Amino acid sequence: MNAFLAIIARDLRLATRRGGEAALTLGFFVVAITLFPFGVGPEPELLGRIAAGIIWVTALLAATVSFDRLFRADMDDGTLELLALQPLPLELVVLAKAISHWLLTGLAVTLLAPLMGLMLNLPGAAYGPLIAGLLLGTPALSLLGGIGAALVLGARRGGALIGLLVLPLFLPVLIFGISAVEATLIGMPLTPHLLILGALLAVALPVGSFGTAAALRLALE
Amino acid sequence: MTAGTQPAGLVADHLRCERGGRLLFADLCFAVAPGDALLLTGPNGSGKTSLMRVLAGLLPARAGRIFWQGRDTIEEPAPWRRALSWLGHDNAIKPQLSVAENLAFWSRLSLPGHSVSEALEEVGIGHLADLPASMLSAGQRRRLALGRLALTRGGCWLMDEPTVTLDTASLTRLAAMIARHRADGGIAVIASHDVLDLPGAQALDLGALDQGILEPATS
């Protein structure tokens, strides 16, 4: 447990020392959302109708642009091969890194989402399901995205490739994240959608940690 | 073979390694007892690093087995992982962290036998503990990487070119560090081109082994 926490603490400390890194993801999230009123026109009715979708899709894209940094630095300076040789199983190392990734991107995006909703005229009843959905969905993104990040380690410039690999995996999370908001707006119960998001997270937990660890072992050979 | 039939220490049993269609070594056997050291030599490309990676478990061997204290390191990786300290080509140093913070992270990942400050003193950079690692010279960075091994007591050190960028005084210090480790009952496997003072160490010249291009299998 001590080793597990040490990895999370180190990643968070490195991110704060490097400064801009976490801010980069959030900056991307805010700027990309700001583009939509310019693109589709500033009518509050239209924006309010598509606000939840904009926030969710942009959250997926913001997570995707951050994955390239998940293992790259550790791979380049030899930290990764050392982590693979520690008594702590590599699957748990991956899990620790996914947690710190989520704290720096998914959680931060979730906290910013209400502000973005305000800007896009999101209906009042939609805030709750949007936040609850993001809280359950974004950890699954951090877990599944690790697979893509680990698979492209062998490639020199893998950034765009990660998007192609992981965005299809994010589709179920997006579908049920949005359906949670839609259901609330038409007066249907919210719980089933959140339960499915929770189930997706429960699937992403083993798939993400075992899949990423296997891909990392291949990259280290 | 089952546990107990192998001698204590590190044992390689008929190891075979192929990389990119080239045979690097086959039927390689050796045994390193506690307190002993093995020096790997051979020209560039003779497979020293590959052998190190096979021993560590980073690279699967094509054939053969590796035993640590009589246990197969693939079937039962846990005891081997706890005993193993790896020094690769890369130093695994984060420039954003201080010298002591770099070492403290690795000491939290395993069960250290020595404190961070003791390890830093042993590799001669105790006075640099609070400096950001980005300020270190290449030789000091290598010494910080060696400090990771100095944290451990006993176990097995796998050192791939430990002497790279070290000055003469540091070479002497490294030899003393390995001697201390061996006196503690530790094992050191060292791949190096430099002359290191390793009294009583076994030597293995990978350049003298049969190597060559593999014949395509006739089917």
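Residues numbered from 1 in each chain as written. Chains lettered and ligands numbered in written order. Predicted model: local features only at pLDDT ≥ 70, side-chain atom pairs only at ≥ 80, totals over all residues.

## A few points about the overall build of chain A
Broken down by element type, chain A carries 10 helices and zero strands. Sequence-ordered secondary structure for chain A, helices as α and strands as β, is α-α-α-α-α-α-α-α-α-α. The globule rule puts the C-alpha radius of gyration for 221 residues at 17 Å, and the 18 Å found for chain A is close to it. Projected onto its principal axes, the C-alpha positions of chain A cover 55 × 35 × 30 Å. Every one of the 221 residues in chain A was classed for burial, and the buried ones make up 44%. If you take every contact in chain A between residues at least 6 apart in sequence, the share linking residues at least 24 apart comes to 82%. (Helix = DSSP H or I, 4+ residues; strand = E, 2+ residues; numbered from the N terminus. Rg over C-alpha atoms; globule rule 2.2 N^0.38 Å. Buried ≥ 20, exposed ≤ 12 C-beta atoms within 10 Å, placed from the backbone. Contact = placed C-beta atoms within 7 Å.)

## Overview of helix 5 (residues 138-150) of chain B
Residue and element names in this part refer to chain B. Here helix 5 is 13 residues long and its end C-alpha atoms lie 18 Å apart, about the 18 Å a rise of 1.5 Å per residue gives. Considered for burial, the residues of helix 5 that qualify are Gln140, Arg141, Arg142, Arg143, Leu144, Ala145, Leu146, Gly147, Arg148, Leu149 and Ala150. Structurally, helix 5 contributes buried residues whose contacts are with strand 6 (84-87), helix 3 (99-109), helix 4 (116-122), strand 7 (156-160) and helix 6 (168-183). (Expected span 1.5 Å × (residues − 1).)

## Looking at the environment of B:Pro95
Residue and element names in this part refer to chain B. For proline 95, the position within the fold is in the loop between strand 6 and helix 3. Looking at proline 95, the number of C-beta atoms within 10 Å reads 15, which means it is partly exposed. The spatial distance from the C-alpha of proline 95 to the C-alpha of arginine 141 is 9.9 Å, given a sequence separation of 46 residues.

## As for the interface of chain A and chain B
The partner chain B presents 20 residues to the 19 residues of chain A that form the contact. Taken together, the elements giving at least two residues each to the side of chain A that touches chain B come down to helix 1 (2-18) and helix 5 (79-84) of chain A. Counting residues per element, the side of chain A that touches chain B draws most heavily on helix 1 of chain A, which supplies seven residues. Of the residues belonging to the side of chain A that touches chain B, the class tally is nine nonpolar, four polar and six charged. (Nonpolar A, V, L, I, M, F, W, Y, C, P; charged D, E, K, R; others polar.)

## Overview of the environment of A:Val109
All names here are of chain A. With respect to the helices and strands, the residue valine 109 is situated in helix 7 (residues 106-119). Residue valine 109 is classed as buried on the basis of its C-beta count, with 26 C-beta atoms lying within 10 Å. In sequence terms valine 109 and valine 173 are 64 residues apart; their C-alpha atoms lie 15 Å from each other.

## Observations concerning unusual backbone geometry
Phi at A:Asn121 is positive, roughly 60 degrees, even though this residue is not glycine. Given 16 C-beta atoms within a 10 Å radius, A:Asn121 is considered partly exposed. The phi dihedral of B:Asp27 is positive, around 55 degrees, even though this residue is not glycine. In this structure, B:Asp27 sits in strand 2 (residues 22-32). According to the C-beta neighbour criterion, B:Asp27 is exposed, with 12 such atoms within 10 Å.

## Observations concerning the sheet that holds strand 9 (residues 202-205) of chain B
Across a sheet, strands are paired by hydrogen bonds formed along the backbone, either parallel or antiparallel in direction. Residue and element names in this part refer to chain B. Taken in spatial order, the five strands make up an open sheet running 6-7-8-3-9, and their pairing is parallel. Each end of this open sheet is capped by a strand with a single partner; those strands are strand 6 and strand 9. Sheet twist, expressed as the average angle between the axes of neighbouring strands with direction ignored, equals 15 degrees. In this sheet, strand 8 (residues 187-191) lies alongside strand 7 in parallel orientation, the contact comprising five bridges. When the sheet's bridge partners are listed, cysteine 156 is paired in strand 8 with isoleucine 187. (Pairing = 2+ DSSP bridges. Axes fitted to C-alpha atoms, helices over the stretch in contact; angles between N-to-C directions.)

## What to know about the packing of helix 7 of chain A against helix 8 (residues 127-151) of chain A
All names here are of chain A. Relative to each other, helix 7 and helix 8 sit at 155 degrees, their axes nearing to 9 Å. With respect to helix 8, the axis of helix 7 lies roughly antiparallel. Handedness of the helix 7/helix 8 crossing: right-handed. For the pair formed by helix 7 and helix 8, the contact residues are Gly106, Val109, Thr110, Ala113, Pro114 and Gly117 on the first element and Tyr127, Leu130, Ile131, Leu134, Leu135, Thr138, Pro139, Leu141 and Ser142 on the second. Along the lines of polarity and charge, the residues of the contact of helix 7 with helix 8 split into 10 nonpolar, five polar and no charged. (Parallel < 35°, antiparallel > 145°, perpendicular 65-115°, else oblique. Left-handed = near helix turned anticlockwise from the far one by under 90°.)

## Some thoughts on the nonpolar core
Ranked by size, the top nonpolar core spans 125 residues in total, and within it A:Ile55, A:Ala59, A:Leu216, B:Leu158 and B:Val189 carry the most contacts. The leading source of residues in this core is helix 8 of chain A, at 11 residues. Excluding residues within four positions of it along the chain, A:Ala59 makes contact with A:Phe29, A:Val109, A:Leu134 and A:Thr138. (Core = buried A, V, L, I, M, F, W, Y, C linked by C-beta atoms within 7 Å.)

## Quick notes on the confidence of the model for chain A
Across chain A, the average pLDDT comes to 93, with 100% of residues at or above 70. Taken element by element, the predicted model of chain A shows its lowest mean pLDDT in helix 4 (residues 68-76) of chain A (90) and its highest in helix 10 (residues 191-220) of chain A (96). (pLDDT = per-residue confidence, 0-100.)

## Details of the packing of helix 6 (residues 90-104) of chain A against helix 10 of chain A
All names here are of chain A. Where helix 6 meets helix 10, the closest approach of the two axes is 8 Å, and the angle between their N-to-C directions is 110 degrees. Taken as axis vectors, helix 6 and helix 10 run roughly perpendicular relative to one another. Note that helix 6 runs across helix 10; the crossing there is right-handed. Counted together, Leu90, Glu91, Val94, Leu95 and Ala98 of helix 6 and Gly208, Ser209, Phe210, Thr212, Ala213, Leu216 and Arg217 of helix 10 form the full contact between these two elements.

## Brief notes about the pairing of strand 8 of chain B
Residue and element names in this part refer to chain B. Strand 8 sits mainly inside the fold: five of its five residues count as buried. Where strand 3 (residues 37-41) lies against strand 8, four bridges are found, and the strand directions are parallel. Bridge pairing in strand 8 places leucine 39 opposite isoleucine 190. A crossover connection joins strand 7 to the parallel strand 8 through helix 6; in handedness this β-α-β unit is right-handed. (Right-handed = clockwise from strand over helix to strand, strands pointing away.)

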